[in-house]
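The primary structure of each chain is shown beneath.
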Amino acid sequence: MTKATKTKRNKNKATKSKVTKILWIVCPIVLVCLAVWLIVAYGTSPATPPPSGNSSGPAERVEVVYFHRTQRCPTCIHAEELTRYTVENYFKDELKLTFQVINIDDKENAAIVEKYGAYGSQLFINTVRDGADHIEEATDLYVLIHNDQAFVTALKNKIEKSLKGET
Amino acid sequence: MDLSGIMGNFNIPVLSALLLGLITAISPCPLATNIAALAYVSRRATERRYAVITGALYTLGRMFSYSIIGVLIIVAGLEIPGVATFLQDFGEQVLGPLLIVVGVIMLSINKISLSLGGGKLSSIGAKVANWGMIGGFLLGALFALAFCPYSAVLFFGVLIPLALKSAGGVTLPAVYAIGTGLPVLVFGTLLSLGVARVSTWLDAVTRVEKIIRVAVSIIFIGVGIYLVVRWIQT
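Just so it is clear, the structure is predicted and the values come from calculations on it, not from any experiment.

Conventions adopted
- Position numbers for residues count from 1 along each chain, tracking the sequence in the order it is written.
- Key to labels: chains lettered from A, ligands numbered from 1, both in the order written.
- In view of the model being predicted, local features appear only for residues whose pLDDT reaches at least 70, and side-chain atom pairs are presented and counted only at 80 or more, with totals across whole chains, interfaces and linings using the full set of residues.
- Strands are runs of DSSP state E lasting at least 2 residues, helices are runs of H or I lasting at least 4, and numbering of each runs from the N terminus.
- Placing a C-beta atom from the backbone of each residue, one calls two residues in contact when those atoms lie within 7 Å.
- Working convention: axes come from line fits to C-alpha atoms, limited for helices to the stretch in contact. Angles between N-to-C directions cover 0 to 180 degrees.
- Should an angle fall under 35 degrees it is called roughly parallel, over 145 degrees roughly antiparallel, and 65 to 115 degrees roughly perpendicular, with every other angle called oblique.
- Under the grouping applied here, Gly and all other residues not named as nonpolar or charged are polar, the nonpolar ones being Ala, Val, Leu, Ile, Met, Phe, Trp, Tyr, Cys and Pro and the charged ones Asp, Glu, Lys and Arg.
- The pLDDT value tells you how sure the predictor is about a given residue, anywhere from 0 up to 100.
- Two helices that cross are described as forming a left-handed crossing if the nearer one is turned anticlockwise from the farther one by less than a right angle, and a right-handed crossing if clockwise.
- Note on definitions: a nonpolar core is a set of buried residues drawn from Ala, Val, Leu, Ile, Met, Phe, Trp, Tyr and Cys, linked by C-beta atoms within 7 Å.
- Buried, partly exposed and exposed are defined by the number of other C-beta atoms within 10 Å of a residue's own C-beta, namely 20 or more, between the two limits, and 12 or fewer respectively, with C-beta atoms placed from the backbone.
- Helix span, as expected, comes to 1.5 Å for every residue beyond the first.
- When DSSP finds two or more bridges between a pair of strands, those strands are recorded as paired.
- The reported arc concerns the directions from the helix axis to the C-beta atoms and nothing else.

**Observations concerning the overall build of chain A**
For chain A, the helix and strand inventory stands at five helices and four strands. Starting at the N terminus, the α and β elements of chain A follow one another as α-β-α-β-α-β-β-α-α. Counted over contacts in chain A with a minimum sequence separation of 6, partners at least 24 positions apart contribute 67%.

**Describing the overall build of chain B**
A tally of regular secondary structure across chain B gives 10 helices and zero strands. Long-range pairs, those at least 24 residues apart, make up 80% of the contacts in chain B with a sequence separation of at least 6.

**Observations regarding the packing of helix α2 (residues 13–26) of chain B against helix α8 (residues 149–165) of chain B**
All names here are of chain B. Where α2 meets α8, the closest approach of the two axes is 11 Å, and the angle between their N-to-C directions is 180°. One finds that α2 runs roughly antiparallel with respect to α8. Here P13, S16, A17, L20, I23 and T24 of α2 come into contact with α8, specifically with S151, L154, V158, L159 and L162. Classifying every residue of the contact of α2 with α8 gives eight nonpolar, three polar and no charged.

**Re the confidence of the model for chain B**
Per-chain confidence: chain B averages 78 in pLDDT, with 81% of residues scoring 70 or above. Across residues 112–118 of chain B, where pLDDT falls below 50, the model places five contacts with residues more than four positions away in sequence or in other chains.

**Observations concerning the packing of helix α2 (residues 74–90) of chain A against helix α5 (residues 148–164) of chain A**
Residues and elements named next belong to chain A. Orientation of α2 relative to α5, taken along the N-to-C sense of each, is 55°, at an axis distance of 10 Å. Relative to α5, α2 is oriented oblique. When the axes of α2 and α5 are compared, the crossing they make is right-handed. Contact residues: α2 offers L82, T83, Y85, T86 and Y90, while α5 offers D148, F151, V152, L155 and K156. Considered class by class, the residues forming the contact of α2 with α5 number six nonpolar, two polar and two charged.

**Some thoughts on the nonpolar core**
Counting residues in each nonpolar core, the largest one holds 87 residues, and the members touching the most others are B:A37, B:L154 and B:L159. Counting residues per element, this core draws most heavily on α8(B), at 10 residues.

**A short note on α2(B)**
All names here are of chain B. In this model α2 runs 20 Å from its N-terminal to its C-terminal C-alpha over 14 residues, within 8% of the 20 Å that 1.5 Å per residue would give. Buried residues dominate α2, accounting for 10 of its 14 residues. Looking at α2, one finds that the buried residues are P13, V14, S16, A17, L18, L19, L20, G21, I23 and T24.

**As for the pairing of strand β1 (residues 61–68) of chain A**
Residue and element names in this part refer to chain A. The element β1 is largely enclosed, with a buried count of seven among its eight residues. Direction of pairing for β1 relative to strand β3 (residues 122–129): antiparallel, over a ladder of seven bridges. Residue pairing in the sheet places E63 in a bridge with N126 of β3.

**Comments concerning α5(A)**
All names here are of chain A. For α5, spanning 17 residues, the distance from its first C-alpha to its last is 24 Å, which sits close to the expected 24 Å at 1.5 Å a residue. The complete set of buried residues in α5 reads F151, L155, K158, I159 and S162. Buried residues of α5 fall within an arc of 95° about the axis and therefore sit on the same side. Among the exposed residues of α5, those pointing more than 90 degrees away from its buried face are Q149 and N157. The secondary structure elements touched by the buried residues of α5 are β1, α2, β2 (97–103), β3 and α4 (139–142). Taken from the residues just after α5, G165 is the one with a positive phi, measuring 80°.

**Examining the environment of B:R43**
Secondary-structure assignment places B:R43 in the loop between α3 (28–41) and α4 (48–74). In contact with B:R43, other than residues within four places in its own chain, are B:I212, B:R213 and B:V216.

**Some words on the sheet that holds strand β4 (residues 132–137) of chain A**
All names here are of chain A. One open sheet holds the four strands; their spatial order is β2-β1-β3-β4, and the pairing between them is mixed. Here the strands that pair on one side only, and so sit at the sheet edges, are β2 and β4. Each strand axis lies, on average, 20° off the axis of its neighbour in the sheet, ignoring direction. As paired elements, β1 and β2 share seven bridges and run parallel to each other. Looking at β2, one finds that F67 is bridged to I102. Each of β1, β2 and β3 is contacted by α2, which is oriented at about 160° to β1, the strand it contacts most.

**A closer look at the pairing of β4(A)**
Residue and element names in this part refer to chain A. The sheet contact formed by β3 and β4 spans six bridges and is antiparallel. Bridge pairing links T127 to H134 in β4. Two successive antiparallel strands, β3 and β4, enclose a turn made up of two residues, where D130 displays a positive phi of approximately 50°.

**Points about the environment of B:I12**
Inspection of the secondary structure puts B:I12 in the loop between α1 (3–8) and α2. Sequence-wise, B:I12 and B:V229 are 217 residues apart; in three dimensions their C-alpha atoms are separated by 40 Å.

**Brief notes about the environment of B:K210**
Residue and element names in this part refer to chain B. With respect to the element layout, K210 can be found in helix α10 (residues 205–232). Judged by the 12 C-beta atoms lying within 10 Å of it, K210 falls in the exposed class. Along the chain, K210 and R43 lie 167 residues apart, while their C-alpha atoms are 9.4 Å from each other.

Structural data, given as structure tokens:
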């Protein structure tokens, strides 16, 4: 190897390490800027509209429906158990309330799956008022699954609201 | 860890998406694939930066997949139930066998190649192992597509509706992906630093590397078997 190529190599190495150093500084800055930009640009989500005041009295019927596939996971089974606990513990004597567990993969359930648009382990509350369905997916409960007490309380509140026809 | 409690207090979609990602990453089923990813990311003890870059690429791979799903639903208007059902099937039926195959291939370069004297399988194996960082990206893209029942409702039931109603929601799946990839990136880096430290200390870097490579293959096969067993059980 000649001296010239050697120095050239060393030079290359030096510039390479410089480049990596710069990259190590620039990358985090870019990421932070990106995060700040996202937060500033999109800001806060629009506030949820207040429940409409012109609800026509209490519900005729409230259907709590829990869907699952044949393939289940521990978290989803736990969700069903918590829902069952809430319904049986707090609404035992509530005649207007029904609780169903539906397997999506069962061909017999095709009609109800279609009606709710279900695709997985999901919880729906259907408030029937004046003969019309008001189907709502309880998505805000999904993130509470690891906190039993919070899940049960939130679901209880939801069902009570639904029974009063406030949804 | 009560992430959900924190989440309720935020009204910033970007932060909600990030937290949703974290909640997804630590729930049992996605955790299984994340452990495989963790093993992959931290497998090279001698190169400290390798774990960071592979972990970042793994996260990038997840961002890629989630963004595509997000665009398909938010922009192209695909129906959520159809996409969700398809991807849950994918998770059960494709990912498990694939992980087993990749695990066996990776194992073959370490062990079988010696006894069989090379052959096609080991040359494929060498290639897979040399994918290295690109492998991290592919792994992320693939693992993101495999939805478990719980991650499916968090993504399709919570994140996508949030993205649909907030301005610029198309970017939220990518932010969610960062949340799901963050634990792998952080723990992968820590693990690889720890292994590097210990192996230099023991003066046995090459031996430790070999053991890790076998361990990674076994973890892949183990996670694959776990997924396949869950699928067969039904």
